[in-house]
Amino acid sequence: RKFRIPHQQWGVCAQYGHLRTAIAGGDCRPWVVGKKLYLYPLAMPTLYATVTNHGFGHATRMASVLAVLQQQAPDLKIIVASTTPLWLLAEYLPQPFHYRPRSFDVGVVQSDSLAMDKAQTWQRWQDIRSQQADIVREETAFLIEQGVDLVLADIPHLAVAIAHKAGVPCWM
């Protein structure tokens, strides 16, 4: 994967048989353009995956997809943002990943698999709604700081707003 960087930052090149780089820290990939050799930073692609906190079905589906991505793209950095238990995600993901416990939606509050608590669901929804601007601001800053390339979301509606503010595509 090659990343274009502004020409002012190009680390020129092969002159007199010497290879130099002005890019600080990290490895670079050479790229020949015409008779010039430019060096581009190697960066690990970063995927930010967020999943609803309602039950384990969405989480296991997302974790299964992420496991295949880890196999297909071993250099992919995966960040999972959810309050899904870490042990559950670790059961599915064979490679290391970054766990970021965050809640972006409620789903339905249940005391068991059949009983819905409508009052508690409404209260939690209101809590998230009242904190929405702060959540979006904090996560947007995190995405930018981490250099996230794509947001993959299994239905938390705030994922779209977060990705949009960060200038990152979001797939739901």
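Residues numbered from 1 in each chain as written. Predicted model: local features only at pLDDT ≥ 70, side-chain atom pairs only at ≥ 80, totals over all residues. Heavy atoms only, no water.

Q: Would you mind going over the overall build of the chain with me for this structure?
A: Within the chain, the secondary structure is distributed over four helices and ten strands. Written out in order from the N terminus, the α and β elements of the chain read β-β-β-β-β-β-α-β-α-β-α-β-α-β. The proportion of buried residues among the 172 residues of the chain is 36%. When contacts within the chain are restricted to residue pairs at least 6 apart in sequence, long-range pairs at least 24 apart make up 52% of them. For the chain, the accessible area works out to roughly 10700 Å², and carbon and sulfur atoms hold 56% of it. (Helix = DSSP H or I, 4+ residues; strand = E, 2+ residues; numbered from the N terminus. Buried < 20%, exposed > 50% of the residue type's maximum accessible area, 1.4 Å probe, protein only. Contact = heavy atoms within 4.5 Å. Areas by Shrake-Rupley, 256 points an atom, 1.4 Å probe, with all protein chains shown as cover.)

Q: Help me understand the sheet that holds strand β8 (residues 98-100) in this model?
A: Adjacent strands of a sheet form backbone hydrogen bonds with each other and so pair up, either parallel or antiparallel. Reading across the sheet, the five strands line up as β8-β7-β6-β9-β10 and stay open at both edges, with parallel pairing between neighbours. With partners counted over all chains shown, the strands left at the sheet margins are β8 and β10 (170-171), one partner each. Sheet topology note: the strand β9 (residues 150-154)/β10 ladder contains two bridges and is parallel. By the bridge assignment for β10, V151 is matched with C170. (Pairing = 2+ DSSP bridges.)

Q: It is not clear to me how the nonpolar core should be interpreted in this structure. Could you clarify?
A: Soluble globular proteins tend to pack their nonpolar side chains together in the buried interior. Counting residues in each nonpolar core, the largest one holds 20 residues, and the members touching the most others are Y48, F104, L143, V148, V151, L158 and I162. Broken down by secondary-structure element, the contributors of at least two residues to this core are β7 (77-81), α3 (118-146), β9 and α4 (158-166). Once you skip the residues sitting within four places of it in the chain, V148 turns out to touch T46, Y48, I79, L143 and V168. Formed by 17 residues, the second largest nonpolar core is a distinct cluster that contains A49, V51, L66 and L88. (Core = buried A, V, L, I, M, F, W, Y, C linked by side-chain atoms within 4.5 Å.)

Q: Is there a simple way to explain α4 in this structure?
A: Every α-helix winds through 3.6 residues per turn, so residues three or four apart in the chain are directed the same way. Those residues of α4 lying buried are L158, A159, I162, A163 and A166. Projected onto a plane normal to the axis of α4, the buried residues spread over an arc of 130° and lie on a single side. Turned more than 90 degrees away from the buried face of α4 sit H164 and K165, all of them exposed. The inward-facing, buried residues of α4 abut β6 (46-51), α3, β9 and β10. In the segment just after α4, G167 is the residue with positive phi, at about 75°. (Arc of directions from axis to C-beta.)

Q: Sorry if this is basic, but what is going on with the pattern of salt bridges here?
A: Opposite charge on two side chains lets them pair, provided their charged atoms get close. On inspection of all chains with the given rule, the structure shows four salt bridges. Notably, a salt bridge pairs E139 with R100, separated by 2.8 Å at the nearest N-O pair. In this pair, E139 sits in helix α3 while R100 sits in strand β8, placing the two residues 39 residues apart along the sequence. For E139, a relative accessible area of 1% gives the class buried. The salt bridge partner of D134 is R137, with a shortest N-O separation of 2.1 Å. One end of the pair is D134 and the other is R137, both in helix α3 and three residues apart, which spans about a single turn. Because the salt bridges share partners, they merge into one network encompassing R100, R102 and E139. (Salt bridge = Lys/Arg side-chain N within 4 Å of Asp/Glu carboxyl O.)

Q: Teacher, can you tell me more about helix α1 (residues 57-72) here?
A: In this model, α1 (16 residues) spans 23 Å end to end at C-alpha, consistent with the 22 Å of a helix rising 1.5 Å per residue. The complete set of buried residues in α1 reads H58, A59, T60, M62, A63, L66, A67 and Q70. Where α1 is buried, its residues meet β6, β7, α2 (86-92) and β9. (Expected span 1.5 Å × (residues − 1).)

Q: Got a minute to help me understand the packing of aromatic side chains in this structure?
A: Each aromatic ring pair is described using two quantities: the centre-to-centre distance and the angle formed by the ring planes. According to the stated counting rule, one finds two aromatic pairs in the structure shown. Pairing Y48 with F142 gives two aromatic rings, centres 6.3 Å apart and planes at 55°, and the pair type is tilted. Taken as a pair, Y48 in strand β6 and F142 in helix α3 lie far apart in primary sequence, 94 residues in all. Of the two residues, Y48 and F142, both sit in the buried class. Residues F56 and W87 carry aromatic rings whose centres are separated by 6.0 Å and whose planes lie at 85° to one another, so their mutual orientation is edge-to-face. Placement of the pair is F56 in the loop between β6 and α1 and W87 in helix α2, with a sequence separation of 31 residues. Owing to a relative accessible area of 41%, F56 belongs among the partly exposed residues under this scheme. Positioned over the ring face of F142 is R100, at 3.6 Å from the centre of the ring. (Phe/Tyr/Trp six-rings, centres within 6.5 Å; stacked < 30°, edge-to-face > 60°. Lys NZ or Arg CZ within 6 Å of the ring centre and 35° of its normal.)

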